[in-house]
Amino acid sequence: MIIPPLYKYLDVSGAKLTLRNRTFKHAKPSDFNDTEDLTIQSIFTEDIEDATKKIMSGFITVILRHLDKEPTCTSPMKDKIMAIQQFLRANPGAINLVRSRLMNPDNQIYDIEYLYGRTRAIITNINEFMQGIRVLCVSTHKDSERMWTEYAEGHKGVCLRIQPYLSMDSKFQLFRPVTYRDKRPPLYEDPLEYLSGTLFGDHETQNKAMVERIIYTKTLKWQHEGEYRLAIPIGNDEEPWNTLPYHPDEITELYLGLEMEISDIEELVGLAKQINRDIAIFRAKRDGGGKLIFNIF
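Since the model is a prediction, treat every value here as computed from it, not as a measurement.

Caption draft 1: Representation of the overall build of the protein chain within the structure. Regarding its fold elements, the protein chain presents nine helices and 12 strands. In summary, the protein chain has a C-alpha radius of gyration of 26 Å against a globular reference of 19 Å for 297 residues, an excess of more than 25%. Its C-alpha atoms put the protein chain at 80 × 40 × 30 Å along the principal axes. Among the 297 residues that make up the protein chain, the fraction classed as buried is 45%. Taking the contacts inside the protein chain whose residues are at least 6 apart along the sequence as the reference set, 80% of them involve residues at least 24 apart. Accessible surface, the protein chain as shown: approximately 16000 Å² in total, 50% of it carbon and sulfur. The positive charge centre, built from 38 side chains, and the negative charge centre, built from 43, are 2 Å apart in the protein chain.

Below, the structure written as structure tokens:
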């Protein structure tokens, strides 16, 4: 995947720490401005009662689609599914009989409270897992008025261009774009997708896909940011961290805000040149129409 130019907006104190320590801060989800970011609110698009009805009516359909495939769910559910598969293979004309028995409201599989409790547990577990992800957020825009205002201290801060150092197999090659939607995505668009995955799916692959959907999806409210993300999980035996070093040659451009203090400019330019003597430095100004532009400093 070709990565476009990527920019990190920083306030003055953040810029000094980033350049002085030669590290970028990687935030955890609870630090984000968007309180719903990197979380899920629901498993299904519909409420649990409607999802349960779809699961009840589609249960046999899902089994028939996987009649000769071994279930991947755990026992005792796996044993029940295998028994149903075996019976249907031997008695293909008994589909309606099996369906009517499985529609029995006393069957725990279809108990609304049971499924609701399991849904809440899944949501809680995933949201807790996401707190172990560390994310570096950047933008494809260096001239965004809103970004300069909201993330660069009202034009008093800076914007840094990050460019992966390919010969060093840079982690910055792993930046991926954010997709913007009307609402935060549910884990499953269709309850039968949930059922099929639960009974017969590759759970490890599914879990990875769900986590990635959560990480790289935001609501349209944030579309102006043109965001890319680098998401790194904390390892099982790893101490929690929030900063990672970068290679000096990966900071290739420094953009100085319109409202920067002279003393801050001098300090930040000095720090930047200590890191990368070839860094390109620009100062923001406005053209005759008030548009933000940059001149070589």
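Caption draft 2: Representation of the pairing of strand β10 (residues 251–256) within the structure. In terms of burial, β10 is largely enclosed, as six of its six residues are buried. With five bridges connecting them, strand β4 (residues 158–162) and β10 associate as antiparallel partners. By the bridge assignment for β10, R161 is matched with E253. Relative to strand β11 (residues 280–286), β10 runs parallel, the two sharing four bridges. For L254, the partnering residue across the bridge sits in β11 and is I281. Assessed by its sense of winding, the connection that carries the chain from β10 through helix α9 (residues 262–275) to β11 is right-handed.

Caption draft 3: Looking closely at the packing of helix α3 (residues 77–90) against helix α4 (residues 95–102). Axis separation between α3 and α4 bottoms out at 10 Å; the angle between their running directions is 155°. Relative to α4, α3 is oriented roughly antiparallel. In this structure, α3 contributes I84, F87 and L88 to the contact, and α4 contributes I95, V98 and L102. Across the contact of α3 with α4, the residue classes tally to six nonpolar, no polar and no charged.

Caption draft 4: Broad picture of the pairing of β11. In this sheet, strand β12 (residues 292–296) lies alongside β11 in antiparallel orientation, the contact comprising five bridges. Its bridge partner lying in β12, R286 is registered against L292. Once β11 ends, the chain turns through five residues before running back antiparallel as β12, passing G290 with a positive phi of about 85°.

Thresholds, definitions, all that
- Residues numbered from 1 in each chain as written.
- Predicted model: local features only at pLDDT ≥ 70, side-chain atom pairs only at ≥ 80, totals over all residues.
- Heavy atoms only, no water.
- Helix = DSSP H or I, 4+ residues; strand = E, 2+ residues; numbered from the N terminus.
- Rg over C-alpha atoms; globule rule 2.2 N^0.38 Å.
- Buried < 20%, exposed > 50% of the residue type's maximum accessible area, 1.4 Å probe, protein only.
- Contact = heavy atoms within 4.5 Å.
- Areas by Shrake-Rupley, 256 points an atom, 1.4 Å probe, with all protein chains shown as cover.
- Lys, Arg positive; Asp, Glu negative; His and termini not counted.
- Charge placed at Lys NZ, Arg CZ, Asp CG, Glu CD.
- Pairing = 2+ DSSP bridges.
- Right-handed = clockwise from strand over helix to strand, strands pointing away.
- Axes fitted to C-alpha atoms, helices over the stretch in contact; angles between N-to-C directions.
- Parallel < 35°, antiparallel > 145°, perpendicular 65-115°, else oblique.
- Nonpolar A, V, L, I, M, F, W, Y, C, P; charged D, E, K, R; others polar.

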